[in-house]
Amino acid sequence: MSHSPVDLSGKVAVVTGSGRGLGLAYATALAAAGASVVVNDLDAKVAEQAAGAIVEAGGRAVAEAVAVGTAEAADRLVARAVEAFGRLDVLVTNAGILRDKVLWKMTDEDFDAVVTTHLKGTFTCARAAAVRMREQGEGGSLILIGSPAGQRGNFGQTNYAAAKAGIAAMARTWSMELSRADITVNAVIPVAATAMTETIPAFAPYVEAMRRGEPLPDFLRKGEGFGTPEDCAAVVPFLASEAARGVTGQCIGIGGDKVALWSHPQEVATAFADGGWSPETLAAAWGTSVGREPQTVGIPAPKLPEA
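Described below are features of the structure shown in this document. (Residues numbered from 1 in each chain as written. Predicted model: local features only at pLDDT ≥ 70, side-chain atom pairs only at ≥ 80, totals over all residues. Heavy atoms only, no water.)

**Description of helix H6 (residues 158-177)**
Side chains three or four residues apart in an α-helix point the same way, a direct result of the helix having 3.6 residues per turn.
1) Next: Taking 1.5 Å per residue, 20 residues should reach 28 Å; H6 reaches 28 Å between its end C-alpha atoms and fits that length.
2) Next: By the burial criterion, the buried members of H6 are Asn-159, Tyr-160, Ala-161, Ala-163, Lys-164, Gly-166, Ile-167, Ala-168, Met-170, Ala-171, Trp-174 and Ser-175.
3) Next: Considering only its buried residues, H6 is in contact with helix H4 (108-136), strand S5 (140-145), helix H5 (148-152), strand S6 (183-190) and strand S7 (251-255). (Helix = DSSP H or I, 4+ residues; strand = E, 2+ residues; numbered from the N terminus. Expected span 1.5 Å × (residues − 1). Buried < 20%, exposed > 50% of the residue type's maximum accessible area, 1.4 Å probe, protein only. Contact = heavy atoms within 4.5 Å.)

Written out as structure tokens, the structure is:
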């Protein structure tokens with residue numbers, strides 16, 4: 001039997017927020033590639049059902065219901081992996097919530113809840129996983145889930161965009177810190193029809209058609225890189241595998257038929273003034289030199305075919 005470069009037999013993964021949606025797609029794909037998986041969700045029943053479905057399909061999975069964010073929750077997830085399967089090789093930090101509001105209406109609680117789950121949850125789970133993987137001394141994979149909102153900003157998503165941008169920054173930082181331990185760290189930037197995106201009016205009729213079993217058109221699958229949660233799943237077993245040992249510190253977009261490598265922020269225009277700048281010289285030079293082509297913000301609107 002030929003050995004697949006993405007065979008994950010013997011590897012153990014924790015996937016946070018994997019009771020449904022994208023998280024479930026990641027957990028299912030890891031199990032299909034041979035990994036044993038700890039399924040996590042806030043809701044114990046949802047977590048148990050998801051783990052049960054993986055086992056029924058011939059995979060290995062257990063459930064651990066806990067809200068990510070605290071160090072205690074992270075320790076519980078790592079302990080569950082070790083207790084059930086003897087080790088930990090892969091962590092996918094997918095758990096997240098939304099509390100969308102414009103800046104002047106967003107409450108402290110709206111902000112804190114999202115930042116705690118996404119940003120602190122990613123930090124605490126990654127820290128616990130890194131400690132365990134370093135103790136094992138055999139490397140590992142941290143796969144952090146980002147979002148186009150974190151790469152580009154998104155109206156009404158102060159808390160979510162900030163947390164997701166922070167996650168991309170953590171992937172870059174940890175890829176440096178953990179390289180000597182042979183632990184790769186990457187961020188995945190998925191685009192899929194989920195509870196979070198199906199409310200986008202332009203996509204709604206297509207998502208409804210997809211639910212009826214109709215395929216999504218090419219302009220969505222290729223042009224927008226938009227498809228099902230399952231379309232986003234392949235990148236996770238790939239990043240967890242030997243085939244991706246040299247891939248670290250990257251932000252990788254996936255959705256529909258499309259995969260993409262996101263750029264990291266970098267200087268795109270520079271100008272110099274002898275002895276430094278004053279407000280006046282900046283004002284005089286801005287529009288004709290360094291500020292001539294300002295950067296765009298936001299997630300580009302979908303390009304729909306002419307009706």
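**Re the sheet that holds strand S3 (residues 60-65)**
1) Next: Strand order in this open sheet of eight strands is S3-S2-S1-S4-S5-S6-S7-S8, and the pairing throughout is mixed. The sheet is open, and its two edges are formed by S3 and strand S8 (258-261), each paired on a single side. Between one strand axis and the next, the sheet turns by 20° as a mean value, whatever way the strands run.
2) Next: Summarising the sheet, strand S1 (residues 12-15) and strand S4 (residues 90-93) pair through three bridges and their orientation is parallel. (Pairing = 2+ DSSP bridges. Axes fitted to C-alpha atoms, helices over the stretch in contact; angles between N-to-C directions.)

**Overview of the pairing of S1**
1) Next: Residues Val-12 and Val-14 of S1 are buried on one face, and the alternating residues Ala-13 and Val-15, pointing to the opposite face, are buried as well.
2) Next: Remark: the S1/helix H1 (residues 21-32)/strand S2 (residues 36-41) crossover connection has right-handed handedness. (Right-handed = clockwise from strand over helix to strand, strands pointing away.)

Spatial relationships are all this shows, so hold off on functional conclusions.
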